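Architecture at a glance
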Number of protein chains: 2
Amino acid sequence: MAKVTVGPMPYMSVMPTVLVGANVKGKPNYMTAAWATVACMAPPMVCVAINRVRYTAKGIEENKTFSLNIPSTRQVVETDHCGLVSGVQADKSAVFRSTYGKLKTAPLAEECPVNIECRLFESVECGSHLLYIGEVMEIHADTTCLTDGKPDIAKINPIIYAQGTYFGVGKEVGKAFSAGKTYHKK
Amino acid sequence: MAKVTVGPMPYMSVMPTVLVGANVKGKPNYMTAAWATVACMAPPMVCVAINRVRYTAKGIEENKTFSLNIPSTRQVVETDHCGLVSGVQADKSAVFRSTYGKLKTAPLAEECPVNIECRLFESVECGSHLLYIGEVMEIHADTTCLTDGKPDIAKINPIIYAQGTYFGVGKEVGKAFSAGKTYHKK
C-alpha cells in the first residue's frame, strides 16, 4: 500500500445528513448539515458544526436550544433544498410541519422519522465554524420506524453524506463487539 | 405520521467507523470509535468522543496528538477487535503497521486507506465522554483510493456504524446542492 499526502482538509469518510432546526426571530428554520455526531453517553449529547454566518446559528444563540432532525432518503429533495437556500432570503418554515416537544423553542420537523431535541450545552469556537454541543432532552420517533421501542435504521432509511453526494445505507458487513472475536494475532 | 417519545439517548442515525490512533507510553494504540465528525472547515478540524476511562484518552492527553484512521469493510475484523480489547490488557501495536507523518506522536495505521493526522485543539468535558477536537495537520491516502487526487468513497469502502452493526455504503440517492433544485413550495 503506497500512501500520498493529500493536504489538510475537513474530511470524514461518511456522515449523517441532518436538518438542524432552530427558531429564528420566533419562526422555525431548518438547515441541512452533515458535520454531526454523538458527543457523550451520560448525559446523552450530540454535536453539530455550523458556519458562524448561518441564519441557524443566530437562532441557536438566541434560544440556547436546537433540534437535529433525521430525514429519510425519500425526503432528499426537501433536505437538499434546506441546504441550498438560506433562511435570510427564504422562509423555510413551511418546508416541514413544525411541532414542539419538551423545549418550547426547538422546532421538530414532523415529517422526519426521528427528531432529537437539544438544549445547548456548549458552543466551541473552532474558526469558520462553531461546534454546538447539545444535551439530548428527548427523542421523538415515528411509530412505524421503531423495532422493540428503538429507532430502526432499516425503517428510517437515513441519508448518508459523503463527498458532495447523498447515499443510502448499504449491506451489513458485521456485528460490532462481535466480528472482532475471530481476530488472530499476526 | 404518529410520533412517540423514546427518551433521551446518545443517538445518531449513521456514523463513520474510525480507529483512533494514539501513542500511549511511547507505543502505538488503536481504539475503535464511531462518534466522530468534522468540526470546522477553516482551519480544518475533526472531533471524536472518547470515554474518559479509555487507554487512548491517556495517550491523547499525554502527546496532544492523535490520528483518525479510516478502515475499509475488508478490515472489519481488525477494526472490531480494536473495540473489543483495551490497550490496558492487550498490546494492540501489532494489529496495524504504524507509521508517523508530520506529527511524531500520532501513529498512522498503514493498512487503512486514509489516515487523518491531528493536533489536539481542545478537549471538552461533556460527562462520561470527552470530545476531542483536533486540527487536521495532514491527510494520508492510499494511491489506489484516490480519484482526481481526493479520497474516493467508492474505492475506500468505509464502514458505517449504526445500532451496534457495521454497514457498507449503499446506493447514491442524490447530489448535494443540486437535488433540492426541483423543490416546489407546498
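As a convention, each chain's residues are numbered from 1 in the sequence order in which they are written. By the order in which they are written, chains take letters starting at A while ligands take numbers starting at 1. Thresholds applied to this predicted model are a pLDDT of at least 70 for local features of residues and 80 or more for the giving and counting of side-chain atom pairs; totals over whole chains, interfaces and linings are not thresholded and use all residues. In computing side-chain values, all of the structure's heavy atoms are included and hydrogens and water are not.

A few words on the pairing of strand β10 (residues 114-125) of chain B. All names here are of chain B. DSSP-based pairing: two strands are paired if at least 2 bridges between them are found. By the criteria applied, helices consist of DSSP H or I runs no shorter than four residues and strands consist of E runs no shorter than two, each listed in order from the N terminus. By the bridge criterion, six bridges tie strand β7 (residues 65-70) to β10 in an arrangement that is antiparallel. The residue bridging I70 from the neighbouring strand is V114, located in β10. Examined bridge by bridge, β10 and strand β11 (residues 129-142) share eleven bridges and lie antiparallel to one another. Bridge assignment links N115 to a residue of β11, and that residue is H140. The antiparallel hairpin formed by β10 and β11 contains three residues in its connecting segment, where G127 sits at a positive phi of about 155°.

Buried Ala, Val, Leu, Ile, Met, Phe, Trp, Tyr and Cys residues that are joined via side-chain atoms within 4.5 Å together make up what is termed a nonpolar core. Categorising residues by exposure relies on relative accessible area from a 1.4 Å probe, with only protein chains included: less than 20% of the type maximum marks a residue as buried, more than 50% marks it as exposed, and the intermediate range marks it as partly exposed. M12(A), I116(A), L131(A), M12(B), I116(B) and L131(B) are the most contacted members of the largest nonpolar core, which totals 94 residues. Sequence-distant contacts of I116(A), that is, excluding residues within four places in its chain, are made with F66(A), S67(A), L68(A), I70(A), V136(A), E138(A), I139(A), Y11(B) and M12(B). The next biggest cluster of nonpolar side chains, apart from the first, holds ten residues, and it includes I153(A), A162(A), V14(B) and I160(B). Residues count as neighbours in contact if any of their non-hydrogen atoms are within 4.5 Å of one another.

Before going further, it helps to spend a moment on the relation of the copies chain B and chain A. Copies are brought into register by a least-squares superposition over C-alpha atoms of residues with pLDDT of at least 70 in both. Note on the identical chains: chain B maps onto chain A by a rotation of 180° and an axial translation of 0.0 Å, with an RMSD of 0.0 Å. Seen this way, the second copy is the image of the first under a two-fold rotation axis. Taking the C-alpha atom as reference, chain B places G170(B) closest to the rotation axis, 1.8 Å from it. Of the residues that chain B buries at the interface, 100% are likewise interface residues in chain A, meaning the two copies contact each other through the same surface.

The next point concerns the environment of E117(B). Residues and elements named next belong to chain B. Locating E117 in the fold gives a position in strand β10. The exposure class assigned to E117 is buried, which follows from its relative accessible area of 0%. In sequence terms E117 and V46 are 71 residues apart; their C-alpha atoms lie 9.9 Å from each other. Residues within four places of E117 in sequence aside, it is in contact with F66, G101, K102, L103, L108, E135, V136, M137, E138 and H140. Nitrogen and oxygen atoms within 3.5 Å of one another constitute a polar contact, given that in protein one can donate a hydrogen and the other can accept it, and given that sequence-neighbouring residues count only through two side-chain atoms. Reaching out from E117, the side chain makes a polar contact with the side chain of H140 at a distance of 2.7 Å.

This part covers the interface of chain B and chain A. At the junction of the two partners, chain B supplies 104 residues and chain A supplies 104 residues. Two parts lose some accessible area (1.4 Å probe) when they are put together, and adding that loss for both gives the buried area. Between chain B and chain A lies a buried interface of about 8,900 Å² when both sides are counted; carbon and sulfur atoms form 67% of it. Between the two partners, chain B and chain A, sit 44 residue pairs in polar contact (both at pLDDT 80 or more). At eleven residues, strand β15 (residues 165-175) of chain B tops the list of elements feeding residues into the side of chain B that touches chain A. Each residue is assigned to one of three groups, with Ala, Val, Leu, Ile, Met, Phe, Trp, Tyr, Cys and Pro labelled nonpolar, Asp, Glu, Lys and Arg labelled charged, and all others, Gly among them, labelled polar. Residues of the side of chain B that touches chain A, tallied by class, amount to 65 nonpolar, 23 polar and 16 charged. Across three bridges, strand β11 (residues 129-142) of chain A lies against strand β1 (residues 3-5) of chain B in antiparallel orientation.

The next thing to look at is the packing of aromatic side chains. Residues and elements named next belong to chain A. Note on aromatic contacts: the rings of Phe and Tyr and the six-membered ring of Trp form a pair at centre separations within 6.5 Å, being stacked when their planes are under 30 degrees apart, edge-to-face when over 60 apart, and tilted otherwise. On inspection of all chains with the given rule, the structure shows four aromatic pairs over all chains. An angle of 80° between the planes, with centres 5.6 Å apart, marks the rings of Y30 and F96 as edge-to-face. Taken together, the residues span a long stretch of sequence, with Y30 in strand β4 (residues 27-33) and F96 in the loop between α2 (76-84) and β8 (98-99) at a distance of 66 residues. The exposure class assigned to Y30 is buried, which follows from its relative accessible area of 0%.

What follows deals with the environment of N29(B). Residue and element names in this part refer to chain B. Tracing the backbone through its elements, the reader meets N29 in strand β4 (residues 27-33). What makes N29 buried here is its relative accessible area of 3%. A C-alpha to C-alpha distance of 5.6 Å links N29 and K92, two positions 63 residues apart in sequence. Beyond its immediate chain neighbours, meaning those up to four positions away, N29 contacts V20, G21, A22, V24, Y55, T56, G87, K92 and P107. At 3.2 Å, the side chain of N29 forms a polar contact with the side chain of T56.

By themselves, these figures tell us nothing about what the structure is for.
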